Amino acid sequence: MEQILNEYCKQINPGLLLLSRPTGSGKTYTVLNFIYSNYEEFAAQKRKILFITNLKKNLPHYELKERFIADGKEDEFDKYVLFINSNIDTVIKQLLAIDDKIPDQFKTESYKKLKSHIKVLQERQLPKEVKDSWETEIRKNIEPKFRKTIIEALKNNFKTKKDRLSAIKNDQKYQWIGKLYPAVFTDEKTVFFLSIDKFIAKNTTLVENSYYFNERFIDKALIFIDEFDTTKEAVLNNIIKSGLQHRVDLLD
């Protein structure tokens, strides 16, 4: 498998390779070794490597990180690799931990409401239906309102995407945004781990308009799709969902 990957995956736009091997034969292990051995070469060529599977919990980004750590290269992992999570999941996980880093100007009513909802989720044992309801409210209403205030502040203070990224990297007043929304650094990364649902949804980076991955990263990219049969079902469900949102009056 290692020889196949080295001969095939370094080509630019080679087409589709179906690597069908039994469970436990080392497919993921071999792919991670390939990524670890070649990420610098792909970065130099400005090519992306995407690892996609049906569920984000099945993504092996921690396994890849262990390879970097073992060689004393954890900073390299942070520089080149990005796990694309949903905005809401990252916000729920990180917000309370970085609360003291967020300037008062961003602690608006929408922020306070978001913070209080997250506190309830993390500090109380809620029935599943109640927890799901709170998370839905955060995802659909509360978090988007808070995110909008960040986007407006960035646009008002910095005219270009480059300037916004520079502020998030270097200005203490804005560095917390990168912790809360790591997707702002998408363009600068080489290796991505994401679910198929995230791959076919829009990527929201805050520093520019949202876009689909196939609009930005498909050209010359190397894409590994794990659990291919299951991911096909996710794509089909997305097509159906999209179709239902754009109904046509055939009789008319």
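Scoring rules and cut-offs
Residues numbered from 1 in each chain as written. Predicted model: local features only at pLDDT ≥ 70, side-chain atom pairs only at ≥ 80, totals over all residues. Heavy atoms only, no water. Helix = DSSP H or I, 4+ residues; strand = E, 2+ residues; numbered from the N terminus. Buried < 20%, exposed > 50% of the residue type's maximum accessible area, 1.4 Å probe, protein only. Pairing = 2+ DSSP bridges. Contact = heavy atoms within 4.5 Å. Axes fitted to C-alpha atoms, helices over the stretch in contact; angles between N-to-C directions. Parallel < 35°, antiparallel > 145°, perpendicular 65-115°, else oblique. Nonpolar A, V, L, I, M, F, W, Y, C, P; charged D, E, K, R; others polar.

On to unusual backbone geometry. Negative phi is the rule for most residues except glycine; trans is the rule for most peptide bonds. Positive phi outside glycine occurs at leucine 206, with the angle close to 75°. Among the secondary structure elements, leucine 206 is positioned in the loop between strand S4 (202–203) and strand S5 (211–212). One non-glycine residue, lysine 220, adopts positive backbone phi at about 65°. You can see lysine 220 is positioned in the loop between helix H11 (213–216) and strand S6 (222–225). Looking at lysine 220, the relative accessible area reads 38%, which means it is partly exposed.

This next bit is on the pairing of strand S3 (residues 191–195). Among the five residues of S3, five are classified as buried, and the element is accordingly described as predominantly covered. What you see with S3 is no split at all: Val191, Phe193 and Ser195 on one side and Phe192 and Leu194 on the other are buried throughout. When strand S1 (residues 49–53) meets S3, the two strands line up parallel, connected through five bridges. Within the sheet, the bridge partner assigned to isoleucine 52 lies in S3 and is leucine 194. Direction of pairing for strand S2 (residues 81–83) relative to S3: parallel, over a ladder of three bridges.

Turning our eyes to something else, we now look at helix H5 (residues 87–94). Of all the positions in H5, only Asn87, Ile88, Thr90, Val91 and Ile92 are classed as buried. Looking at the buried residues of H5, the elements they touch are helix H6 (109–123), helix H7 (128–157) and helix H9 (175–180).

Before going further, it helps to spend a moment on the packing of H5 against H7. Following both chains from N to C, one finds H5 and H7 inclined at 75°, their axes separated by 11 Å at the closest point. Our classification of the angle between H5 and H7 gives roughly perpendicular. The segment H5 lies against H7, with Asn87, Ile88 and Val91 engaging Ile138, Arg139, Glu143 and Arg147. For the contact of H5 with H7, the residue count by class is three nonpolar, one polar and three charged.

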